[in-house]
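Architecture and fold: a report
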Amino acid sequence: MRQKKILRAFGLLAVLLAALLVWNVNAGSVNLSLGETLRILMRQSTDPVASRIVWNIRLPRILAAAMLGGALSVSGFLLQTFFANPIAGPFVLGISSGAKLTVALCMILLLQRGMVMNSAAMVAAAFAGSLAAMGFILLISRRVHSMSLLVVGGIMVGYICSAITDFAVTFAEDSNIVNLHNWSMGSFSGMSWANVRDIALILAVTLTLTFLLSKPIGAYQMGEAYARNMGVNVGRFRVQLILLSSVLSACVTAFAGPISFVGIAVPHLMKRLLGTAKPLVLIPACFLGGAAFCLFCDLLARTLFAPTELSISSVTAVFGAPVVIFMMLNRHDRERGGMG
């Protein structure tokens, strides 16, 4: 019975993702019919402008949004496993803001010298910022054992990093640096096929390593003592979780800026949809769910008030924040019920 539910859930996710991919390709400031889009994809269109829009602007953006959304969701799942709490996520814990800070500072320093950061340098800078923020959160977690206080600490770290980033971007003189403001708010615009290639390479390695950790993750979900009895080296395993979640969130921040609530909301929704927390099932579900969620939000961000484009974080917050509020209320009700 559960296997049928899981298959139906994956079927629903696949159909939803396919529908959103088609919708995103057709929708925009220049609306295209399905037939015209198919002709463009098959290289049979006679409209060079429409072909450039689809191949050079929309497709790279759509593929990047899908992959980065999936990466952010899996990163959130790993952090929730690490802290054993569904409210943990890269944005809430300040990890995305730490990555944003280091990328922005590196960009500003290089641009002032007439240099441009490549994708590898951006990801490396974001990874360093993610690890620094994660390290600070881990220090707080050693002193504070309440998850609510840890989340507050993470939010404060995020505010500090965002404030420093805003100061740096606001007082920058170069016009190219000032344009970093759009990136710092979160956006999938300006993606190229080179970006898509780099994202795909990073995710191929990181997600493969995450899949290989499925069995230890399943054991760890049962508690540290159980994991140790199952032969898991808990210390090494926790380091692996930190590194993988940091790489995934760093990749997202480097290419699209900080994106809110996806890493918290989507893993919770996938657990509810599938009715299981098994990592081997939940990891691909989180990736597909995150991809669909970000494609839908990006579609609204660029079409709702076209030609004005909203920041992706504004849209993900509208749909993700209610899920987080529901999770917190549901958790509070369960705890009160247990006490009663």
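Residues numbered from 1 in each chain as written. Predicted model: local features only at pLDDT ≥ 70, side-chain atom pairs only at ≥ 80, totals over all residues. Heavy atoms only, no water.

Looking at the overall build of the protein chain
When its secondary structure is counted, the protein chain shows 15 helices and 0 strands. Against the compact-globule benchmark of 20 Å for 340 residues, the protein chain has a radius of gyration of 20 Å, which places it among compact chains. The C-alpha extent of the protein chain, read off along each of the three principal axes, is 65 × 55 × 35 Å. When the 340 residues of the protein chain are sorted by exposure, 50% land in the buried category. Here the contacts in the protein chain between residues at least 6 apart in sequence split such that 76% fall between residues at least 24 apart. (Helix = DSSP H or I, 4+ residues; strand = E, 2+ residues; numbered from the N terminus. Rg over C-alpha atoms; globule rule 2.2 N^0.38 Å. Buried < 20%, exposed > 50% of the residue type's maximum accessible area, 1.4 Å probe, protein only. Contact = heavy atoms within 4.5 Å.)

Comments concerning the packing of helix α13 (residues 262-274) against helix α14 (residues 279-303)
Two numbers describe how α13 lies on α14: the axes approach to 9 Å, and their chain directions differ by 120°. Between α13 and α14, the angle is such that the two are oblique. Considering how the two elements wind past one another, α13 and α14 form a crossing that is right-handed. Taken together, the residues of α14 that come into contact with α13 (itself represented by V262, V266, P267, M270, K271 and L274) are V281, L282, A285, C286, G289, G290, F293 and C294. Counted by class, the contact of α13 with α14 contains 11 nonpolar, 2 polar and 1 charged residues. (Axes fitted to C-alpha atoms, helices over the stretch in contact; angles between N-to-C directions. Parallel < 35°, antiparallel > 145°, perpendicular 65-115°, else oblique. Left-handed = near helix turned anticlockwise from the far one by under 90°. Nonpolar A, V, L, I, M, F, W, Y, C, P; charged D, E, K, R; others polar.)

Quick look at the packing of aromatic side chains
Per the stated rule, a full pass over the model turns up 5 aromatic pairs. A centroid spacing of 4.9 Å and a plane angle of 75° characterise the contact between F82 and F83, whose relative ring orientation is edge-to-face. When the ring of F91 is compared with that of F261, the centres are 6.4 Å apart and the planes differ by 35°; the resulting orientation is tilted. With F91 in the loop between α3 (48-83) and α4 (95-111) and F261 in the loop between α12 (234-256) and α13, this pair connects stretches of sequence that are 170 residues apart. We classify F91 as partly exposed; its relative accessible area is 30%. The side chain of R43 reaches across the aromatic face of W55, ending 4.1 Å from its centre. In this structure, R238 packs its charged tip against the face of F82, placed 4.4 Å from the ring centre. (Phe/Tyr/Trp six-rings, centres within 6.5 Å; stacked < 30°, edge-to-face > 60°. Lys NZ or Arg CZ within 6 Å of the ring centre and 35° of its normal.)

Considering the environment of F188
With respect to the helices, strands and loops of the structure, F188 is situated in the loop between α8 (180-185) and α9 (193-212). Residue class for F188 comes out buried when judged on its relative accessible area of 0%. Note: C-alpha distance between F188 and I137 (51 residues apart in sequence) is 28 Å. Beyond its immediate sequence surroundings of up to four residues, F188 is in contact with R61, A65, L68, A256, I259, C294, D298 and I312.

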